[in-house]
Amino acid sequence: MQRRHFLHTLGALGTAGALGGTGAQALAAGPGKGAEQADDSALAGTSGGTLSAWRGATPAFTLNDLDGKPHALSEWRGHVIILNFWATWCGPCREEIPAMGAVARQYRQRGLALVAVNYKEPLATVKPFIDKLPIDGTVLLDADGAVYKRFGSLGLPATYLIDRAGNARFWRMGELEWSDVGLHGHIEALLTQKGNATA
């Protein structure tokens, strides 16, 4: 029986307009124009629809952690990154945190890092939530939602796989099945690519 995937949409029509098309068009194409069209179809076969190839440039950003310390995405250069956008009010986000953390732990020694970016919630909301349901990675605060918007997704959760050179390669809008063979195949493939070139 196929597992249902849930999604909280966030102003899909407005975001799609900003991307220059309908929501369906934006999802099919992936954000960004004029980016190098890397062929990722050979990477770990197919994910069975779990992940889509990313076709845009990778937005650089710097956000504060829960202690107010700024972190730039570039700090994780040399690691494969799971970049996950989430919120405390998002049921699917909450449901996938334990499984996402388990995957992060499974591959951590090989260079996988989890960066969980909270969408538009204050520290006073996020901190107690994390105390009760820890996220096994670095939690950052996207206080005004600007970074989330630059990645062009239309709902939560939204997850991106970023290679060791700092380039987003795959993404998923909606809850992931973290035990999915295709997902693990993509992670494995990116972990073995030590010589990624920057876009």
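Residues numbered from 1 in each chain as written. Predicted model: local features only at pLDDT ≥ 70, side-chain atom pairs only at ≥ 80, totals over all residues. Heavy atoms only, no water.

Draft legend 1. Region of the structure containing the overall build of the protein chain. Across its full length, the protein chain carries six helices and 10 strands. Per-residue burial over the protein chain gives 52% buried out of 199 residues. For the protein chain, contacts bridging at least 24 residues in sequence account for 75% of all contacts bridging at least 6. Summing over all exposed atoms, the protein chain offers an accessible surface of approximately 9,500 Å²; the carbon and sulfur share of this is 54%. (Helix = DSSP H or I, 4+ residues; strand = E, 2+ residues; numbered from the N terminus. Buried < 20%, exposed > 50% of the residue type's maximum accessible area, 1.4 Å probe, protein only. Contact = heavy atoms within 4.5 Å. Areas by Shrake-Rupley, 256 points an atom, 1.4 Å probe, with all protein chains shown as cover.)

Draft legend 2. Molecular detail of the nonpolar core. Counting 52 residues, the largest nonpolar core has Leu83, Phe85 and Trp86 as the members making the most contacts within it. Ranked by residue count, the leading element in this core is strand S6 (residues 112-119), at seven residues. (Core = buried A, V, L, I, M, F, W, Y, C linked by side-chain atoms within 4.5 Å.)

Draft legend 3. Spotlight on helix H4 (residues 123-132). Listing the buried residues of H4 in full gives Val126, Phe129 and Ile130. Here the buried residues of H4 occupy an arc of 100° about the axis, which is enough to place them on one side. Across from the buried face of H4, at angles greater than 90 degrees, the exposed residues are Ala124, Asp131 and Lys132. Against strand S5 (80-86), helix H3 (91-107), S6 and strand S7 (138-142) lie the buried residues of H4. (Arc of directions from axis to C-beta.)

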